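Chain residues, written in single-letter form:
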Amino acid sequence: MEAAAGWRCRPGGRLDMSHGFVRHIRRNQIARDAYERAVRQARGRARGRLTPTPPRPRRPDQQVYRPRRPGAPGGPGGDTSPESPPADTRGPRLFCLEYEGDDGHVTAVIVHQGDSAEEVTRRVCARSPLEPALRRALCQRVQDELSKRRGTG
C-alpha cells in the first residue's frame, strides 16, 4: 500500500523530528530539565547554611526565664534591700515569695530559715505598699508557709 498523498513517511519507520508536535515535546523536556537543575542547586545552597533558622519566628512579647546568678548584685527579683541582715546569719534559703500588685508589678523576696513572717511582710511592703488588711493576710500566709517548710506545722 502506497503512502497517501500528503503523508510523509521516512524509511525505517522513524519519526519526523522536524514535525511541530515533536519540537514542542523536546522544548518542554529541555525546560523541565533546566527547572529541575535550578531547584536542585537552590536546595543545595539552602543546606549549606551554618546557622539553621528557627522553625518559627520568636514572638517579642514571649517571656523568657533568666535565672539570677548567685553572685550578681541587684537584678530583678533579688533580695538586696540594705536593711536586711546578711544571708549567712538568717540561715539557708527556704523559698522565694513573689507578690504581684494591682499594677502588674511583681515583687520578689527570698525567705530564709531565720526570717519571721513580720519581717518578710515588712520587706514586701517596703517595695509595694499594701493596705492593712492585705498586710495581715500576707503575714498569715507567710507564717503558714514558714511553718510548713520548717516542719513545725
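What you are looking at is a predicted structure, and each value in this text was computed from that prediction instead of being measured.

What counts, and at which threshold
- Residues numbered from 1 in each chain as written.
- Predicted model: local features only at pLDDT ≥ 70, side-chain atom pairs only at ≥ 80, totals over all residues.
- Heavy atoms only, no water.
- Helix = DSSP H or I, 4+ residues; strand = E, 2+ residues; numbered from the N terminus.
- Buried < 20%, exposed > 50% of the residue type's maximum accessible area, 1.4 Å probe, protein only.
- Contact = heavy atoms within 4.5 Å.
- Areas by Shrake-Rupley, 256 points an atom, 1.4 Å probe, with all protein chains shown as cover.
- Core = buried A, V, L, I, M, F, W, Y, C linked by side-chain atoms within 4.5 Å.
- Patch = residues over 30% accessible without salt bridge, like charges linked within 9 Å, V, L, I, M, F, W, Y side chains within 5 Å.
- Salt bridge = Lys/Arg side-chain N within 4 Å of Asp/Glu carboxyl O.
- Lys, Arg positive; Asp, Glu negative; His and termini not counted.
- Charge placed at Lys NZ, Arg CZ, Asp CG, Glu CD.
- Axes fitted to C-alpha atoms, helices over the stretch in contact; angles between N-to-C directions.
- Parallel < 35°, antiparallel > 145°, perpendicular 65-115°, else oblique.
- Left-handed = near helix turned anticlockwise from the far one by under 90°.
- Nonpolar A, V, L, I, M, F, W, Y, C, P; charged D, E, K, R; others polar.
- Pairing = 2+ DSSP bridges.
- pLDDT = per-residue confidence, 0-100.
- Expected span 1.5 Å × (residues − 1).

Enquirer: Before we move on, can you summarise the overall build of the chain with the specific residues and values?
Expert: The helix and strand tally for the chain stands at four helices and two strands. Counting helices and strands in the order they occur from the N terminus, the chain gives α-α-β-β-α-α. When the 153 residues of the chain are sorted by exposure, 21% land in the buried category. Within the chain, counting contacts between residues at least 6 apart in sequence, those at least 24 apart form 40% of the total. Split by element, the accessible area of the chain, about 12,900 Å² in all, is 54% carbon and sulfur.

Enquirer: Just give me the short version of the nonpolar core, but keep the residues and values in it.
Expert: Counting residues in hydrophobic clusters, the biggest one holds 13 residues, and the most contacted among them are Leu 97, Val 111, Leu 138, Val 142 and Leu 146. Mapped onto this core, the elements with two or more residues apiece are β1 (93-100), β2 (106-112), α3 (117-127) and α4 (132-150). Once residues within four sequence positions are removed from consideration, Val 111 is found in contact with Arg 93, Leu 94, Phe 95, Leu 97, Val 120 and Leu 146.

Enquirer: Explain a negative patch on the surface to me, and be specific about the residues and the numbers.
Expert: Together, Glu 100, Asp 102, Asp 103 and Glu 131 line one region of the surface with negative charge. Counting through the fold element by element, Asp 102 comes out in the loop between β1 and β2.

Enquirer: Pulling in residues and values, what's your account of the packing of α3 against α4?
Expert: Running from N to C, α3 and α4 point in directions that differ by 130°, and their axes come no closer than 9 Å. Here α4 runs oblique to α3, going by the angle between their axes. In terms of crossing hand, the pair formed by α3 and α4 is right-handed. Contacts between α3 and α4 pair Ala 117, Glu 118, Val 120, Thr 121, Val 124 and Cys 125 from the former with Arg 135, Leu 138, Cys 139, Val 142, Gln 143 and Leu 146 from the latter. Of the residues in the contact of α3 with α4, the class split is eight nonpolar, two polar and two charged.

Enquirer: Go over the pairing of β1 with me, naming the residues and quoting the values.
Expert: Relative to β2, β1 is paired through seven bridges, and the arrangement is antiparallel. Each bridged residue has a counterpart across the sheet, and for Phe 95 the counterpart in β2 is Val 111. Here β1 folds back onto β2 in antiparallel fashion, the turn holding five residues, of which Gly 104 has a positive phi close to 95°.

Enquirer: Account for the pattern of salt bridges, with residues named and values stated.
Expert: Evaluation of the coordinates by the stated rule reveals four salt bridges. The partner of Arg 123 in a salt bridge is Asp 115, and the shortest N-O contact between them spans 2.8 Å. A single burial state applies to Arg 123 and to Asp 115, both of which are buried. When salt bridges with common partners are traced through the structure, they connect Arg 141, Glu 145, Lys 148 and Arg 149 into a single cluster.

Enquirer: How would you summarise the confidence of the model for the chain if you had to cite specific residues and measurements?
Expert: In the predicted model, the chain carries a mean pLDDT of 77, and the fraction of residues at 70 or more is 65%. Here helix α2 (residues 87-90) stands out as the element of the chain with the lowest mean pLDDT, 63, in contrast to α3, whose mean of 90 is the highest. Note that residues 76-82 has pLDDT below 50 and, in this model, 17 contacts with residues that lie over four places away or in other chains.

Enquirer: Hey, could you go over α4 for me, with residue numbers and the actual values?
Expert: The end-to-end C-alpha distance of α4, which contains 19 residues, comes to 27 Å, matching closely the 27 Å that a straight helix rising 1.5 Å per residue would cover. Turning to α4, its buried residues are Leu 138, Cys 139, Val 142, Glu 145, Leu 146 and Ser 147. Following α4 by one or two positions, Gly 151 adopts a phi angle in the positive range, close to 85°.

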